[in-house]
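Coordinates in review
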Amino acid sequence: MTARRPYAKEATTMTGAQRIPLAEHVADAVALLAASRRGEVVALDGQAVGRVAAGQQRALVDVPGHDNSQMDGYAVASADLPSAAGVPVTLPLGGTIAAGDGPGRLASGTARPIMTGAAIPEGADHVVPVEESGAGSFHPAIGAGTGADTGAAPDTVTLTPQSTAAGRFVRARGSDTHHGDTILRSGQVLTPARIAHLAACGLSDVEVEAPLRVIVLSTGSEVAADGAEREGAGLPDGAVYDANGPGLAAALTAAGAEVVHRGAVPDDATALVTRLRAQVAEHDADLIVTSGGVSAGAFEVVRHAAAGDGVTMAFPSVAMQPGGPQGIGTLHLPDRRVPWLAFPGNPVSALLSCELIARPALGAPPRRRLHLPVQLEGEESSPPQLAQYRRARVLPSGRVRLVAGASSHLIGGLAAADALAIIPVGTEVVRDGDILETLLIPGGER
């Protein structure tokens, strides 16, 4: 599967009407990474939780696998009970049925003690709870181990059923899941409940998405090398700590990827490509993710790298804010081409690009989206040609409140957010009470 647009070296930033919708760019990223995605089989245990299913799974058995008792009580035929509820009836007792025993048969006109989960015997269609028996509990001899001196078990039991309907407290075979039912679909997350369901349906392992191996590089001569800035008195004038590397590595890991190398490179296109080639070869990487170097400045290192040999890249302008300038393409190796997603350098732009573009391209499950009224003290303006993704918090009232401003450097606002309120294309002003689609993300103050 290939992307729909070629990654031409001469591609330039598109402006105005040339901006492309985010969904179109995401589709290109999904197509770019499709060939790199692969499955692996894992056992249904603690290591499987949180993994994403790579294919469909069907139940190998019915669940429950047989009619069984919902209660500790007495298996009977409803035809042997009084016609009215609450009327006592005394029946001869047959043998006890414990969970795991073969069901056997119920002799006509008798009752058999039965435990929760035990198979319903042939001829029975009703369970009278033990609490509705004359004694209110089982005789000690019922279920006692061999050698226990509990006295002889009774020959009869008096029952006062509060209902005489057939099927009472009987869990029917297949009432939860039928053999052949689809119980897991591609893209679903393996939760503890889904793992338990798969196991109950006869599976012992499952195919999941294998993590893609990712190289993460922050570009820019202003970005201090890891560790170096902490050894001395502080950062040199004009330098910044690398927020993008740790943030993107964390976001990609949360999306199911394996970050095999992270670092920073200066504004030197040759150094960037050399570093990438070496790290891809060393780690057999499936994907490159960089931040910075994709805009319209004089030191856009990813753009300069794309002007040389061995890199094919397009630089679309996506109709979103923050994160409009994007890069997408491949690094050429002798035997293959490695997908490359290049994000803007401002930290909010980089992280939102990872959330909105890399995450779906990696096959991570979609975030939950709600339509919520926004709580504002005054009007908020928005560029009508862009979809704005505003940092926000969901309030206990069910409304959503914007956090910090729209600027792409305000990483503290994103750290305090647990949602992204989406102001759609075509909107110039947002007012208190307007309904906004809201994307729920992890985080926020707790």
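Numbering of residues starts from 1 in each chain and follows the order in which that chain's sequence is written. For a predicted model such as this one, the threshold for reporting local features is a pLDDT of at least 70, and the threshold for listing and counting side-chain atom pairs is 80 or more; totals across whole chains, interfaces and linings nevertheless cover every residue. Only hydrogens and water are set aside; all other atoms, that is, all heavy atoms of the structure, feed into the side-chain values.

Here a strand is any run of E in DSSP of at least two residues, a helix any run of H or I of at least four, and the numbering for each starts at the N terminus. The span one expects for a helix is its residue count, reduced by one, times 1.5 Å. Its 15 residues place the ends of helix α5 (residues 269-283) 21 Å apart at the C-alpha level, agreeing with the 21 Å of an ideal helix rising 1.5 Å per residue. Within the sequence span of α5, burial applies to Leu272, Val273, Leu276, Gln279 and Val280. Projected onto a plane normal to the axis of α5, the buried residues spread over an arc of 140° and lie on a single side. What points out from α5, more than 90 degrees from its buried face, is the exposed set Thr270, Ala281 and Glu282. Pairing of N or O atoms within 3.5 Å defines a polar contact, subject to two protein rules: one partner must be a possible hydrogen donor and the other a possible acceptor, and residues neighboring in sequence count only if both atoms are side-chain atoms. Of the residues flanking the start of α5, the one acting as N-cap is Asp268, its side-chain oxygen 3.0 Å from the backbone nitrogen of Thr270. Of the residues trailing α5, Asp284 is marked for its positive phi of about 50°. Only protein chains enter the accessibility calculation, which uses a 1.4 Å probe; a residue is then buried when its area is under 20% of its type maximum, exposed when over 50%, and partly exposed in between. By definition, the arc is the one covered by directions from the helix axis to the C-beta atoms.

In plain words, nonpolar cores are sets of buried Ala, Val, Leu, Ile, Met, Phe, Trp, Tyr and Cys residues tied together by side-chain atoms within 4.5 Å. Ranked by internal contacts, the top residues of the largest apolar core, which has 38 residues, are Leu22, Leu252, Leu341, Phe343, Leu362 and Tyr389. No other element matches the eight residues that helix α7 (residues 347-361) contributes to this core. Residues are treated as being in contact if the distance between any of their heavy atoms lies within 4.5 Å. Look past the residues within four positions of Leu22 in its chain and what remains in contact with it is Val318, Met320, Leu356, Ile357 and Tyr389. Residues Val294, Val302, Ala306 and Val338 belong to the second largest nonpolar core, which totals 23 residues.

Bringing the sheet that holds strand β6 (residues 112-114) into the picture now. Pairing within the open sheet is antiparallel, and its three strands lie in the order β6-β4-β7. Strands with a single pairing partner mark the edges of an open sheet, and in this sheet they are β6 and β7 (126-129). Across the sheet, the mean angle from the axis of one strand to that of its neighbour is 40°, orientation sign disregarded. A pair of strands counts as paired when DSSP detects no fewer than two bridges linking them. By the bridge criterion, three bridges tie strand β4 (residues 73-76) to β6 in an arrangement that is antiparallel. Opposite Gly73, over in β6, you have Ile114 as the bridge partner. Fitted lines through C-alpha atoms serve as axes, helices being fitted only where they are in contact, and the angles separating the N-to-C directions of these axes extend from 0 to 180 degrees.

Okay, the environment of Ile357 next. Along the chain, the position of Ile357 falls in helix α7. The sequence separation of Ile357 and Leu341 amounts to 16 residues, and the corresponding C-alpha distance is 8.9 Å. If near-sequence neighbours (up to four positions away) are discounted, Ile357 is found in contact with Leu22, His25, Val26, Ala29, Gln326 and Phe343.

This part takes up the sheet that holds strand β12 (residues 213-219). Pairing between sheet strands relies on hydrogen bonds along the backbone, with the strands arranged either parallel or antiparallel. Strands sit in the order β13-β12-β14-β18-β17-β15 across an open sheet of six strands; the sheet is mixed. Strands with a single pairing partner mark the edges of an open sheet, and in this sheet they are β13 (258-265) and β15 (311-314). The sheet shows a mean angle of 20° between the axes of neighbouring strands, taken without regard to direction. Both strand β17 (residues 327-332) and strand β18 (residues 337-343) contribute to a ladder of six bridges, which runs antiparallel. Residue Leu331 lies in a different strand from β18, and its bridge partner there is Val338. Along the sheet face, α5 touches β12, β13, β14 (287-291), β15, β17 and β18 and points at about 160° away from the line of β12. Contacting β14 and β18, α7 crosses the sheet at an angle of about 130° to β18.

These values are about where atoms sit, not about what they do.
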